[in-house]
Every structure is written in C-alpha cells, then in structure tokens.
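Chains, contacts and geometry: an overview
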Amino acid sequence: LVGIKQAGLQEIYFGGDDPLLASTGVAGVYGRSGAFERVVGGLFRALARLRPGGAEVRDFPPVMSRAHLEACGYARQFPHLAAAVHTLMPVEEEGRQDHTASGQATDLVLTPAACYPLYPLLGKRGAIPQAGVIFDTRCYCFRREPSERADRLQAFRMQEFVCVGPERVALTFRNLWIPKMQSFADSLGLESSLVPAKDPFFGRMAPYLAQSQLDQGLKFELVCPVASARHETAVFSFNYHQDHFGLAWGLRDTQGITSHSACVGTGIDRLAMALFRAHGPEVGRWPAFVVRALGLN
Ligand code: ATP
Ligand code: ZN
C-alpha cells in the first residue's frame, strides 16, 4: 500500500523519496515535481484524445472578469470560495495611508471553474445551433478552501468538456459522459464509483439548494481514493445546469428558446494524485496499460 508521509508544513510524498507536492508554506498551495507534471501532461494528452469532434478548445488564465462571475450568481452562492484580486496599493484614509488594509479592488477574480469564463463569450456569438456547441476548456482554478488534506487544494487544474444547446442535447451529453469517464478511469487502472453529489452552497438556503440539486439529479461525481485508501474524493464531476447559464447570458437557439448547458469536469491534480496512490511513486513501475494510456512510454 502506498503511504503518504506528511513532513512539517505538508510535503506530500505518496511513498517515494522526493515530494510530489512541495510546500509553499500555505495549506493547499503546492509546487509540483517533474514526475507529477509528466503525469499531468499525459492526462491532458489523454483527455485531448477523448475530445469530441468539432469541440472548440479554450485555455483560460487563472483570472476572469469579476462582473462575469457576479452575473452568473457565483458570488451569491459561493462567496466563501470566491476570491477577488486586489492590488496592494495602500488605501487613503483621512489623509493617511493605511498599509494594513487589503488594498484596492480590481475588476478581476480568480477563476473558480474552467467553464465559467466560457458562457459570457458565447453570449456574444449569436444563436446556439440546434445540435448544440461543445467546448474543451481548461484553467488553473482557485477556491478558498485551505485544508491540510492533500486532495483539497486551493489552486488546482481543471479540464472540462462543456455542451450548450437545447435541453435534451445538454442532458444527453452529460449522461453520455458518465460511462465514458468510467471507462477512462478503468483504462488508468483506477477503481471509481459513481455517486450523486451536491455543491457546497453558502447561507441559509444552502440545505434546500443542495437537496434540490440531489432530488433533480443535477450533479454526479466519480470518486476514488486520492489522498487516503479510506476516503474517496471526487475526481470527475458531471453537472447539468438546466437553463442557469442560458438565462444569465441570454443564450438562445435559432427559435429564441433559452439554451441549457452541461459540463464534465476533471480534477487534473486529484487524478494525478490518485494514479500515484494506486500505482506507486515510480512511473517507470506502473502497469504497462496505464503508461500506454497516458502516452508515457
Ligand atoms: P468536492 O465535492 O470535492 O468539493 P466539487 O463538487 O466542488 O468537488 P466541482 O465544482 O464539480 O467539484 O469541480 C470539478 C472537479 O474539480 C472536481 O471533480 C474535482 O476533481 C476538482 N476539484 C474541485 N475542488 C477541488 C479542490 N479543492 N482541490 C482539487 N481539485 C478540486
Ligand atoms: Zn463546469
């Protein structure tokens, strides 16, 4: 069994002598090793091979428009996870400069998921075709969830396949990708299970929003052991947003009907960790079929 040795301020070893994730002094923020990044590169290439024909690629930076994130309700539903970019310019207060204040706000936030920057761009493109549109997006994401647990990062990479189109098209897309990602996990030698899931909503309405998400089957996750054999963590998420983003961004088909959307998110860093946990610290000793699936041979 592969153990995790956590030395001092969280260096994460996954059994080997060199840390795969090196401490930066902040919980959930790590430097990645060469071996880890080699696997990450293999994962991105493998996901690109799964990309549906006709999908458009969008590689987003780790910051996005604050106005866009607010317009789709994220700041209201997940204010505890969202983080804005401030400069460190001292704030002028009664003629004196306060260097301890948090600085001056900008028009940027840290991107919390790879699909959020996509919908506002789509809003500017005109009617959505009846067959729907598909994107392959990726982004270095940030969520304010500091944790000592190796699988809960504050800064992590996410890849998503996203579909925007008529209700039936978006829902079919989401459902189709569940078995596809189960096969992908199998091809990597990971034992995963599918579970209904909910988002960590904020505030008084949170339990109702979460329950309604569960009742309507809007979110599923493929979970597998990531940081510990005893605990399974979401590596893939399958989300059906109904017309949430369609309404927020005025996305409509040629007949003027509001579009629905769905996204299939892969947590790249979690998936790489799950692989090291399952197959050991040395990629050279991983099963041949896994090495082949990642194109690492
Ligand atoms: P969780 O249930 O673990 O909080 P989530 O429901 O917030 O995850 P999504 O918002 O659907 O996850 O994000 C898509 C994918 O991004 C997840 O399936 C997961 O693999 C990855 N992810 C989410 N949060 C983190 C995190 N804090 N650290 C690393 N990866 C993450
Ligand atoms: Zn998404």
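It should be emphasised that the depicted structure is a prediction, and the values quoted were computed from it without experimental measurement.

Within helix α6 (residues 206–215) the residues assigned to the buried category are A206, A210 and Q213. The buried residues of α6 occupy an angular sector of 60° when projected down its axis, which confines them to one face. The outward face of α6, more than 90 degrees from its buried face, is lined by the exposed residues P207, Y208 and D215. Packed against the buried residues of α6 are β12 (219–228). A positive phi of about 60° marks G217, the residue just after α6.

The next subject is the packing of aromatic side chains. Counted by the stated rule, this structure contains ten aromatic pairs. Consider the rings of F36 and F276, whose centres lie 6.0 Å apart with planes at 10°: the pair is stacked. Placement of the pair is F36 in helix α1 (residues 34–50) and F276 in helix α8 (residues 268–279), with a sequence separation of 240 residues. This pair shows no difference in class: F36 is buried, exactly as F276 is. Measuring from ring centre to ring centre gives 4.9 Å for Y74 and F78, while their planes differ by 45°; the resulting arrangement is tilted. You'll find Y74 and F78 in the same group, each marked buried. A cation over an aromatic ring shows up here: R138 above the ring of F44, its NZ or CZ 3.9 Å from the ring centre. In this structure, K180 is placed above the aromatic ring of W177, and the distance from its NZ or CZ to the ring centre is 4.7 Å.

So, about the pairing of strand β2 (residues 29–32). Burial along β2 is one-sided: Y30 and R32 are buried, while V29 and G31, pointing the other way, are not. By the bridge criterion, four bridges tie strand β1 (residues 21–26) to β2 in an arrangement that is antiparallel. Its bridge partner lying in β2, S23 is registered against Y30. Linking two consecutive strands that pair antiparallel, namely β1 and β2, is a turn of two residues; a positive phi of about 80° is found at G28 within it.

The zinc ion (ligand 2) binds to the protein through C115 (SG), E160 (OE) and C263 (SG); the donor distances cover 2.0 to 2.3 Å. Along the chain, the residues donating to the zinc ion (ligand 2) are arranged with the sequence spacing C-x44-E-x102-C. Linking C115 in the loop between β8 (105–110) and α4 (118–122) with C263 in strand β14 (residues 260–267), this pair joins segments that are 148 residues apart in sequence. When sorted by exposure, C115 lands in the same class as C263, which is buried.

This part is about the site of ligand 1. Of all residues adjacent to ligand 1, which total 17 residues, the nearest are R143, E145, L153, K219 and S237. R143 has a polar side-chain atom sitting 2.8 Å from an oxygen atom of ligand 1. Within the side chain of R270, an N or O atom sits 2.9 Å from an oxygen atom of ligand 1. Of all the elements in the fold, those that place two or more residues in the shell around ligand 1 are β10 (155–165), β12 and β13 (231–242). Among the elements that take part in the shell around ligand 1, β13 stands out by supplying five residues, more than any other. Broken down by class, the residue content of the shell around ligand 1 amounts to six nonpolar, three polar and eight charged.

Taken as a whole, this structure holds twelve salt bridges when the rule is applied. The closest approach of N and O atoms between R149 and D151, which form a salt bridge, is 2.6 Å. According to the relative accessible area criterion, D151 is buried, its value standing at 2%. Among the ionic pairs, R285 bridges to E282, the shortest N-O distance being 3.8 Å. R285 gets classed as exposed once you look at its relative accessible area, which sits at 67%.

Counting through the fold element by element, C141 comes out in strand β9 (residues 133–142). Each C-alpha atom of the pair C141 and E37 lies 17 Å from the other, and the pair is 104 residues apart in sequence. When sequence neighbours within four positions are dropped, the list of residues in contact with C141 reads T111, P112, A113, A114, Q154, A155, F156 and M158.

The subject of this paragraph is the sheet that holds β9. The mixed open sheet is built from seven strands, whose spatial order is β3-β9-β10-β14-β13-β12-β11. Only two strands of the sheet have a single neighbouring strand rather than two, namely β3 (56–60) and β11 (193–196). Across this sheet, the average inter-strand angle for adjacent strands is 25°, counted without regard to direction. The sheet contact formed by β13 and β14 spans six bridges and is antiparallel. When the bridges of β14 are listed, F236 appears paired with T266. Contacts from α1 reach β9, β10 and β14 within the one sheet, and its direction differs from that of β10 by about 5°.

Criteria and thresholds
Residues numbered from 1 in each chain as written. Chains lettered and ligands numbered in written order. Predicted model: local features only at pLDDT ≥ 70, side-chain atom pairs only at ≥ 80, totals over all residues. Heavy atoms only, no water. Buried < 20%, exposed > 50% of the residue type's maximum accessible area, 1.4 Å probe, protein only. Helix = DSSP H or I, 4+ residues; strand = E, 2+ residues; numbered from the N terminus. Arc of directions from axis to C-beta. Contact = heavy atoms within 4.5 Å. Phe/Tyr/Trp six-rings, centres within 6.5 Å; stacked < 30°, edge-to-face > 60°. Lys NZ or Arg CZ within 6 Å of the ring centre and 35° of its normal. Pairing = 2+ DSSP bridges. Donors = N, O, S within 2.8 Å, 3.2 Å for Na, K, Ca; no water. Near = heavy atom within 4 Å. Polar contact = N/O pair within 3.5 Å; in protein donor to acceptor, adjacent residues only side chain to side chain. Nonpolar A, V, L, I, M, F, W, Y, C, P; charged D, E, K, R; others polar. Salt bridge = Lys/Arg side-chain N within 4 Å of Asp/Glu carboxyl O. Axes fitted to C-alpha atoms, helices over the stretch in contact; angles between N-to-C directions.

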